[in-house]
Amino acid sequence: ADRWIGNYLEKCQHIITPSDSIMNLLLENGIEGDITTIPTGIDLKPFREDGSEAVRQKRKWGEDTVFISVGRLAKEKSFETLLEAAAIVMRDHPEVRLAIVGGGLEERSLKKLARDLGIAARVDFVGTVPYEEVPGYLKAADVFAFASTTETQGLVTMEAMAAGLPIVAVDATGTHDAVTNGKEGLLTENNSAALAQAMNQIIDDQTLRDSLVTEATKRVEWFDINNQAQRMLDVYDRAIVAKHENRYIKVR
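Residues numbered from 1 in each chain as written. Predicted model: local features only at pLDDT ≥ 70, side-chain atom pairs only at ≥ 80, totals over all residues. Heavy atoms only, no water.

Novice: How do you make sense of a negative patch on the surface when you look at a structure like this?
Specialist: Together, Asp92, Asp204, Asp205 and Asp210 give the surface a local cluster of negative charge. Looking at where Asp92 falls in the secondary structure, it is placed in helix 4 (residues 79–92). The class for Asp92 is exposed, based on a relative accessible area of 60%. (Patch = residues over 30% accessible without salt bridge, like charges linked within 9 Å, V, L, I, M, F, W, Y side chains within 5 Å. Areas by Shrake-Rupley, 256 points an atom, 1.4 Å probe, with all protein chains shown as cover. Salt bridge = Lys/Arg side-chain N within 4 Å of Asp/Glu carboxyl O. Lys, Arg positive; Asp, Glu negative; His and termini not counted. Charge placed at Lys NZ, Arg CZ, Asp CG, Glu CD. Helix = DSSP H or I, 4+ residues; strand = E, 2+ residues; numbered from the N terminus. Buried < 20%, exposed > 50% of the residue type's maximum accessible area, 1.4 Å probe, protein only.)

Novice: Whenever I open this one, the nonpolar core confuses me. Can you help?
Specialist: Counting residues in hydrophobic clusters, the biggest one holds 34 residues, and the most contacted among them are Ile68, Tyr137, Leu138, Phe144 and Met161. Mapped onto this core, the elements with two or more residues apiece are strand 4 (65–70), strand 5 (96–101), helix 6 (134–140), strand 7 (143–146), helix 7 (155–162) and strand 8 (167–170). Here this core takes 5 residues from helix 7, the largest share from any one element. Grouped together as the second largest cluster of nonpolar side chains are 33 residues, Leu83, Leu110, Ala198 and Ile202 included. (Core = buried A, V, L, I, M, F, W, Y, C linked by side-chain atoms within 4.5 Å.)

Novice: Can you help me understand the pairing of strand 4 in this one?
Specialist: Walk down a regular strand and you will see the side chains alternate between the two sheet faces. The buried fraction of strand 4 is high, at 6 of 6 residues. Relative to strand 5, strand 4 is paired through 6 bridges, and the arrangement is parallel. Each residue of the ladder has a partner; that of Phe67, found in strand 5, is Leu98. The handedness of the strand 4 to strand 5 crossover, carried by helix 4, is right-handed. Looking at chain direction, strand 4 and strand 7 are connected through 2 bridges and run parallel. From the neighbouring strand, Ile68 faces strand 7, where its bridge partner is Phe144. (Pairing = 2+ DSSP bridges. Right-handed = clockwise from strand over helix to strand, strands pointing away.)

See the structure below:
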């Protein structure tokens, strides 16, 4: 696979990566030439339309403090870590609820884990919802929580910021490309205790939460789909020049 990818890249003038982490991975593996990070752009408009109250009523969240996470229920998404962290948080904060939006092969085992942890009544497995409904679910929640360590660009985290949510997440590739620790969110070590500590911190410190929301709202403007489309056009212009000059990507 490495040879095939290398051979393909050597026929190209420019490489686009979805995050700086992926760009650095290419550089570390001997790829030389023009590489530009352009994350997938986000259409911010749906995240600025408020349908949050209808979602809260539908899901019977009431006045709960809702941590929400979105993703496939698969092993690599580390929902076990998130559930274990939520169980720690709920000991001191019975008003906390965890909502998980998404479906997948691990749904049954995750529901069993929630029962074993004694928090099944406080975990809302929403299931898969149409993509156009995701902004409403995000806006209806209070904090976005994420434990995945396998993201290439942290797209769902960007969407959560677009919905005006502060972020609490495991510090990993993709996520830290979108979020600066202490600015738009809190990034933690990859374990449930550290994640729970950050979740508690964001519950207990309203000033911190407000600051994270303000910065997240500013940060997400950079990911606007129109900004990224213009950057894509600029890259094509540069690739056209490189083609005329007979310049190609080099693979060591």
